[in-house]
Amino acid sequence: MGKRRSYDAEFRDGAVGIVLETGKPAAEVARDLGVHEGTLQTWVSRARGAAEMGTGPLEESEREELARLRSENQRLRKETVELGMERDVLKRCMVLWVK
């Protein structure tokens, strides 16, 4: 059996870009690039699916917003835990005060 070839992300993105931008059939582009037709078709279908789902590569502004939201989410989770502990302490104080 032959050795399985691996392609870097830049090559895959470029090949998919050729198919999507030029409208050439995947089989033709695959022959030109020396890639198996099924492999290229898989890359193209994944790229189309990611574009439809909105899960494609992020732009710089989106990355910055994502990092900001993640840090804010972490801060809010920590604050929620602290508030929960404060609530529990106040409940115990109320029980003691009522007695």
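The coordinates are above.
Residues numbered from 1 in each chain as written. Predicted model: local features only at pLDDT ≥ 70, side-chain atom pairs only at ≥ 80, totals over all residues. Heavy atoms only, no water.

Draft legend 1. Spatial organisation of helix α2 (residues 26–33). Of all the positions in α2, only Ala26, Ala27, Val29 and Ala30 are classed as buried. The buried side chains of α2 occupy one side of the element, clustering within an arc of 165° when seen end-on. Away from the buried face of α2 by more than 90 degrees, exposed residues Arg31 and Asp32 are located. Of the residues one or two after α2, Gly34 is the one with positive phi, at around 75°. (Buried < 20%, exposed > 50% of the residue type's maximum accessible area, 1.4 Å probe, protein only. Helix = DSSP H or I, 4+ residues; strand = E, 2+ residues; numbered from the N terminus. Arc of directions from axis to C-beta.)

Draft legend 2. Quick look at the pattern of salt bridges. Going through the model one piece at a time under the given rule, you end up with 4 salt bridges. Residue Arg75 is joined to Glu79 by a salt bridge in which the shortest nitrogen-to-oxygen separation is 3.3 Å. Pair noted here: Arg75 and Glu79 are both in helix α4 (residues 60–98), with a separation of 4 residues, about one helical turn. Judged by relative accessible area, which is 35%, Glu79 ranks as partly exposed. Asp88 is the salt-bridge partner of Arg87, the closest N and O atoms lying 3.2 Å from each other. The class of Arg87 is partly exposed, set by a relative accessible area of 46%. (Salt bridge = Lys/Arg side-chain N within 4 Å of Asp/Glu carboxyl O.)

Draft legend 3. Spatial organisation of the nonpolar core. Among the nonpolar cores identified, the biggest contains 11 residues, and these are Tyr7, Ala15, Val16, Val19, Ala26, Val29, Ala30, Val35, Leu40, Trp43 and Val44. Counting residues per element, the ones that place at least two in this core are α1 (9–22), α2 and α3 (37–53). Beyond its immediate chain neighbours, meaning those up to four positions away, Ala30 contacts Val35, His36, Glu37 and Leu40. (Core = buried A, V, L, I, M, F, W, Y, C linked by side-chain atoms within 4.5 Å. Contact = heavy atoms within 4.5 Å.)

Draft legend 4. Quick look at α1. With 14 residues, α1 extends 20 Å from end C-alpha to end C-alpha; this agrees with the ideal 20 Å at 1.5 Å per step. Within the span of α1, buried status applies to Ala15, Val16, Gly17 and Val19. Gly23 sits one or two residues past α1 and shows a positive phi near 80°. (Expected span 1.5 Å × (residues − 1).)

Draft legend 5. The packing of aromatic side chains, seen in detail. For the structure on display, the rule yields 3 aromatic pairs. For the ring pair Tyr7 and Phe11, a centre distance of 5.1 Å and an interplane angle of 15° mean the geometry is stacked. A relative accessible area of 28% places Phe11 in the partly exposed class. Arranged with centres 6.3 Å apart and planes meeting at 90°, the rings of Phe11 and Trp43 form a pair that is edge-to-face. (Phe/Tyr/Trp six-rings, centres within 6.5 Å; stacked < 30°, edge-to-face > 60°.)

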